[in-house]
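Below, each chain spelled out in residue letters.
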Amino acid sequence: MSKNLRINNKQFVDETRKLSFVFNGKKLYGYKGDTLASALLSNDIHLVGRSFKYHRPRGIMTSGSEEPNAILQIGNDDALTEPNVRATEIELYDGLICNSQNCWPSVNFDIGGINNFLSPLLPAGFYYKTFMWPASFWEKYEYFIRKSAGLGKSPTKQDPDMYDHRYMHCDILIVGGGVSGLIAAKIASDDNKKVLLLEDKELLGGSLIYDDNDISKIDNQKSSEWLKKLIENIKNDKNIIIKTRTSLAAYHNYNFLLARQNLTDHLSVNDRNNKIRQRLYKIRAKKVIISTGAIERPQVFHNNDRPGIMLASAVKKYIDYYGVRCGLENVIFTNNDSAYETALSLHKSGTKLNAIVDIRENSSSEIVNKVKSLGVQIYWKHTIVNTKGYKRINKVAIMKLNDKGNDVIGKKIELNCDCLAISGGWTPMVHLFTQSGGKLKFDNKDNIFVPDKTNLNQLSIGSAKGDFELDDVLKNSIKDTKKFLQIENSNFDKIDVQCSKEKEKKNIWLLPSDKPLSKTKPFLDYQNDSTAKDIKLALREGFKSIEHVKRYTTTGMGTDQGKLANMHALGIVADTTNTNMGDLGTTTFRPPYTPLTFGTIVGRNVGQFFDIFRKTPMHDWHVDNNAKFENVGQWKRAWYYPKDGETMHDAVQRESKAARESSGILDASTLGKIDIQGTDANEFLNRVYTNAWSKLQIGKCRYGLMLNEDGMVYDDGVTTKLGENHYLMTTTTGGAANVMSKLEDYLQTEWPELDVFLTSVTDHYATASVCGPNAKKIINKIFKDLDLSDESFPHMSFKEVKLGNINCRVMRISFTGELSYEINVEASYGKYIWEKCIEAGKEFNITPYGTETMHLLRAEKGFIIVGQDTDGTMTPVDLQMDWIISKKKYDFIGKRSLYRSDTIREDRKQLVGLLTDDPNEILEEGAQIIKDENKKPINMLGHVTSSYFSPTLKKSIALAVLKEGKKLKGQKLLVPMIDKTIKVTVSDTVFLDKENERING
Amino acid sequence: MFLINCPYCGERDQSEFVSGGEAHIARPKQPTELNDDQWAEYLFMRKNIKGIQFERWNHAHGCRKWFNVARDTSNDKIEKIYKMGEQPPKL
Ligand SMILES: [Zn+2]
């Protein structure tokens, strides 16, 4: 610290706790309580980055979330490094490492700076105009754009930090712990409301807490002293929950809000172990009070972006709060009274103030008079026309404004400075209000947008609503809060406030210079390097809507979402087009208000907690027997059981051969199961399935196909008649929940007269399916008393038997074409019955098989899988399943759609079989089918839906959907792949056992 | 996220519910009597209005009951919630 920039100030910064940090490789020091920005400034560092397009040197400009320039890469760990962190928002911790982002090779010598001299070639819309043509060049352009764009580096490893989510409910949510929020909190608490108070900084109090001038007084005390007592009072208030370091990210409808709390980012890295880094609060508030304050706006003049040019309020905060001087030779440039507070702070801290430049004719308020009395040189009705200093401002040139304020006159005066504090007035932070759907109105007096109409139970108070002077802030906050909460009296009713009152106001959105506009660089959006010129160019080129102007010039599209730029952009558009600002409307503010890490958004839902998964009661057995699993919806299903290093192909070949030649066993517990009861259950089935159910007898099973109302296949499965008014329906594994809600929907809304009750029993039963020529012998060993003869227990029937105390529902149904029994037991007996089957089947080489083998076995038989061979565009007729459509039934879901003009077209895609000319060639599922390779464009006829190598048939088989497929049997077609074209012949869909003889063993 | 007052359970977060589209479109009693256009009217045509829209909602992760909601699509305000089978309110 060669220069004496740090002022003794022990109030908010702890000078006994010295912290070291590294900026661009250089070791520096700051204190506990500093932000990274204040620590850098105390080391006389302003230059922290380069601008996005022209790579101009940029310095710290603000002290808050509106910071456009001081955006750094924090940390150098591959997993923990974080780009785009605002130096003004991060609290300094010991060992912090940070680097400038948008510069190469270094912030002091940046090769992209050449863009600054090329800038006449880089006007608004430059990227759109240049790089979009010719389209094929885009890949080349992109490489260079990405390389020179300063967006920081993403971490390359998984985020090791823990994040958390928590729900909060409250009567009153107060966003912003400044003076108005604190008063509102106290009023609400005194009325016995449960209050949640959020503050994004580490301390409560807002800007009043470090307000050190002698003019503002509350109840005859210095305003900051009065406020400190209120804060102590609130901290001990049981009705008020305070969350500091917590910023509101999003304000959704129905007062649902998201807030992010920083729990460890201010700690040194070693102190963060095993702590939750950030927590996302999901808040439902009965009422919301927005007291987010206001942000100061800059002024727009030539070269207004040099390092050392800062907001006046920031210069004041760095002095009064952090005890850091931003420069030793200061100039203030303002259009309003608030910058005079900065003048007083500079004076009080013994910091040199060379001059104040004010665009107004004069001001006669108390605070200005006090500054005048200090002998400060004030240039009234003057503007800055230029600034000098490449990496740090060293001079400003000022000239007198003409009466209209659109040109400058007289002699140019140069003033020395190493810090220029600018103020263009204040903008209420209405972002949250508009996010929540609120409508703004324009206030011509202060040139601000203020909250107007809202549909929600919410209130904006303080400077967030457009009150800027202390007495207005306090008295209106008290009055509005009381009205909002319907309270008659409060403890603040007799409050006495003294403060300076601003009488003269003047605002010029784009200040004139002695140079023509085309030769100047008056920046609006510092991050995206858009200038007033760009806005005017966009208007000349015909853009009218502010949303279009924004996108064309990229104004307000940086990570700061144009917190500083938007008002000036609007103002210049309004002035240029002679429109009222209020009529222009504003651009939309979208959540999040400040950037959120992905970790915070996902919280605990990572890794194994990403989604819930469902396991069958036999799951452990599958694991013990080396099953590989596949995800089917949320289910983990055994996929195949490799033995001795088998590949999936080998395992599936072995499993399917065993099932066909002796016996196999499948865990079918995941199939959806719906218990249907009621006197109208039979009628209900008639209405939801395409086939007829009236004649089904107790103890019999029937396959059913369910359509959507549009006639497309929706689900399928076997339903068993358990009793007179009692059925058990099975659905596909993935479709269970949807079928259940669809059936409920019809019952509740279309057919409330039916006496039918549905209960999902998927999880209540476990199912072991034993198939193969030896299945009967195995079942006989388990259920010795059960008559398994074809006469007593034929295919598609059901018996209820006991095994000890266990009730077993045994269905003789088959999805493989083999003789097959499904044993359903209460879930808790699932593993027991499974192991019973394995034990009984040992002598028959019973082989557990997974879903892959099941798919192969059913494909050999041409059985469809809904969702694999169908995709929501297939009717039963398309699937060649006309046999399942009842001709007699008057109505069922989807019936009418089966003879719409579109569904009866003959050239629809239809399910067919495909055989490859080379029997060893296996088609890829999803592959396209064509007829002629040479005639372009190539006509796509359909695609492969299922494809396997059948060990039983010793050849490759496939199912496919094909245009006019029914007519194409025997046709030679082609399946083009990336490296070859496969010749295929259209076949029947049933490849094996067309006579259905295996079903009887 | 909406707060929806299920007529059977009370106020719950929107995440417990699913929307079932436009309400008061009864399934035709005799679909086979309808020509293609009439059937298509029932099957496909839905309103998308700015203002009060009558919708079906289901408390999927709760009581699983269907009910009707009158919602202003311009601001998502729920004006009225009423049970299945009841007539839409005059709003
Ligand atoms: Zn409910």
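All of these numbers come straight from a predicted model, not from anything done at the bench. (Residues numbered from 1 in each chain as written. Chains lettered and ligands numbered in written order. Predicted model: local features only at pLDDT ≥ 70, side-chain atom pairs only at ≥ 80, totals over all residues. Heavy atoms only, no water.)

## Overview of the overall build of chain B
Link 1 in the chain: On a plain count of helices and strands, chain B comes out with 1 helix and 6 strands.
Link 2 in the chain: Listed by position from the N terminus, the elements making up chain B come as β-β-β-α-β-β-β.
Link 3 in the chain: Overall, chain B is about 45 × 30 × 25 Å in size when its C-alpha atoms are taken along their principal axes.
Link 4 in the chain: In chain B, buried positions account for 36% of the 91 residues. (Helix = DSSP H or I, 4+ residues; strand = E, 2+ residues; numbered from the N terminus. Buried < 20%, exposed > 50% of the residue type's maximum accessible area, 1.4 Å probe, protein only.)

## Considerations on the coordination of the zinc ion
Residue and element names in this part refer to chain B.
Link 1 in the chain: The protein atoms that coordinate the zinc ion are C6 (SG), C9 (SG), H59 (ND1) and C63 (SG), at distances spanning 2.0 to 2.3 Å.
Link 2 in the chain: Bound by 4 donor atoms, the zinc ion shows angles of 104 to 116° at the metal and therefore tetrahedral coordination geometry.
Link 3 in the chain: Mapped onto the sequence, the residues coordinating the zinc ion show the spacing C-x2-C-x49-H-x3-C. Taken together, the residues span a long stretch of sequence, with C9 in the loop between β1 (3-6) and β2 (10-13) and C63 in the loop between β4 (52-58) and β5 (66-72) at a distance of 54 residues.
Link 4 in the chain: Its relative accessible area of 28% is what places C9 among the partly exposed residues.
Link 5 in the chain: On the accessibility criterion, C63 (28% relative accessible area) is partly exposed. (Donors = N, O, S within 2.8 Å, 3.2 Å for Na, K, Ca; no water. Tetrahedral: all angles 85-135°; square planar, octahedral: opposite > 155°, others 65-115°.)

## Regarding the sheet that holds strand β41 (residues 797-803) of chain A
All names here are of chain A.
Link 1 in the chain: Pairing in this open sheet of 6 strands is mixed, and the strands run β41-β42-β43-β40-β34-β44 from one edge to the other. Two strands in the sheet have a free side with no partner beyond their single neighbour: β41 and β44 (847-848).
Link 2 in the chain: The sheet contact formed by strand β42 (residues 806-812) and strand β43 (residues 820-826) spans 3 bridges and is antiparallel. Paired with M811 across the strands is E822, a residue of β43. (Pairing = 2+ DSSP bridges.)

## Re the interface of chain A and chain B
Link 1 in the chain: Facing 29 residues of chain A, the contacting portion of chain B comprises 28 residues.
Link 2 in the chain: With both sides pooled, the region where chain A packs onto chain B buries about 2500 Å², and carbon together with sulfur makes up 44% of that total.
Link 3 in the chain: In terms of surface lost to chain B, no three residues of chain A exceed Y254, Y890 and R896 of chain A, which account for 27% of the buried area on that side.
Link 4 in the chain: Applying the counting criterion to the chain A and chain B interface returns 6 salt bridges.
Link 5 in the chain: The salt bridge involving D745 of chain A is made with R56 of chain B; its shortest N-O contact spans 2.7 Å.
Link 6 in the chain: Where chain A meets chain B, there are 20 residue pairs in polar contact (both at pLDDT 80 or more).
Link 7 in the chain: Per element, the largest residue contribution to the side of chain A that touches chain B is 8 residues, and it comes from helix α20 (residues 736-750) of chain A.
Link 8 in the chain: Residues that form the side of chain A that touches chain B fall into these classes: 10 nonpolar, 9 polar and 10 charged. (Contact = heavy atoms within 4.5 Å. Buried area = accessible area lost by both parts, 1.4 Å probe. Salt bridge = Lys/Arg side-chain N within 4 Å of Asp/Glu carboxyl O. Polar contact = N/O pair within 3.5 Å; in protein donor to acceptor, adjacent residues only side chain to side chain. Nonpolar A, V, L, I, M, F, W, Y, C, P; charged D, E, K, R; others polar.)

## Notes on the domain arrangement of chain A
Link 1 in the chain: The assigned domain composition of chain A is domain 1 (1-153), domain 2 (163-294 + 428-490), domain 3 (297-425 + 503-584), domain 4 (667-857) and domain 5 (863-1000).
Link 2 in the chain: Inter-centroid distance (C-alpha atoms) of domain 2 of chain A to domain 5 of chain A is 64 Å. (Domains from an automatic or database assignment.)

## A look at helix α21 (residues 775-782) of chain A
All names here are of chain A.
Link 1 in the chain: The set of residues buried in α21 consists of A775, I778, I779 and I782. Burial along α21 is one-sided: seen end-on, the buried residues are contained in an arc of 95°.
Link 2 in the chain: Its buried side turned inward, α21 meets β40 (765-771), β41, β43 and α22 (830-841). (Arc of directions from axis to C-beta.)

## Notes on the nonpolar core
Residue and element names in this part refer to chain A.
Link 1 in the chain: L36, L40, Y318 and L420 are the most contacted members of the largest nonpolar core, which has 118 residues in total.
Link 2 in the chain: Considering each element in turn, this core owes the most residues, 7 residues, to helix α5 (residues 179-190).
Link 3 in the chain: Ignoring anything within four residues of it in the chain, the contact list for Y318 reads T35, A37, S38, L41, I60, T62, S63, T88, M310, G323, V324 and C326.
Link 4 in the chain: Counting residues in each nonpolar core, the second largest holds 33 residues, with I782, V825, I833 and I838 among its members. (Core = buried A, V, L, I, M, F, W, Y, C linked by side-chain atoms within 4.5 Å.)

## Some thoughts on the packing of α5 of chain A against helix α6 (residues 223-235) of chain A
All names here are of chain A.
Link 1 in the chain: At a minimum axis distance of 10 Å, the contact between α5 and α6 shows a crossing angle of 40°. Taken together, the axes of α5 and α6 lie oblique to each other. The hand of the α5/α6 crossing is left-handed. From α5, V179, L182, I183, A185 and K186 reach across to α6, where they touch W226, L227, L230, I231, N233 and I234. (Axes fitted to C-alpha atoms, helices over the stretch in contact; angles between N-to-C directions. Parallel < 35°, antiparallel > 145°, perpendicular 65-115°, else oblique. Left-handed = near helix turned anticlockwise from the far one by under 90°.)

## Here's the deal with a nonpolar patch on the surface
Residues and elements named next belong to chain A.
Link 1 in the chain: Taken together, the side chains of F598, I601, V602 and V606 make up a nonpolar region of the molecular surface, amounting to roughly 390 Å² of accessible area.
Link 2 in the chain: Looking at the element boundaries, I601 is found in helix α16 (residues 598-602).
Link 3 in the chain: Given the relative accessible area of 45%, I601 is considered partly exposed. (Patch = residues over 30% accessible without salt bridge, like charges linked within 9 Å, V, L, I, M, F, W, Y side chains within 5 Å. Areas by Shrake-Rupley, 256 points an atom, 1.4 Å probe, with all protein chains shown as cover.)

## Focus: unusual backbone geometry
Residues and elements named next belong to chain A.
Link 1 in the chain: In this chain, P591 is followed by P592 through a cis amide linkage whose omega measures -5°.
Link 2 in the chain: Relative to the helices and strands, P592 is located in the loop between α15 (581-584) and α16.
Link 3 in the chain: We note that D219 has phi near 45°; this positive angle belongs to a residue other than glycine.
Link 4 in the chain: Relative accessible area serves as the criterion here: at 33%, D219 is assigned to the partly exposed category.

## Here's the deal with the sheet that holds strand β20 (residues 378-380) of chain A
All names here are of chain A.
Link 1 in the chain: In space, the 5 strands of this open sheet follow the order β17-β24-β18-β19-β20, with parallel pairing throughout. Edge strands, defined here as strands with exactly one partner in the open sheet, are β17 (309-311) and β20. On average, adjacent strands in this sheet sit at an angle of 20° to one another, irrespective of strand direction.
Link 2 in the chain: Summarising the sheet, strand β19 (residues 352-358) and β20 pair through 3 bridges and their orientation is parallel.

## As for the pattern of salt bridges
Residue and element names in this part refer to chain A.
Link 1 in the chain: Per the stated rule, a full pass over the model turns up 80 salt bridges over all chains.
Link 2 in the chain: Its salt-bridge partner being D212, residue K222 comes within 2.8 Å of it at the nearest N-O pair. Taken as a pair, K222 in strand β11 (residues 221-222) and D212 in the loop between β9 (195-198) and β10 (217-218) lie far apart in primary sequence, 10 residues in all.
Link 3 in the chain: Exposure remark for D212: the relative accessible area of 29% places this residue in the partly exposed category.
Link 4 in the chain: Residues joined by salt bridges that share partners form a network here, namely D337, D358, R360, K445, D446, E502 and K505.

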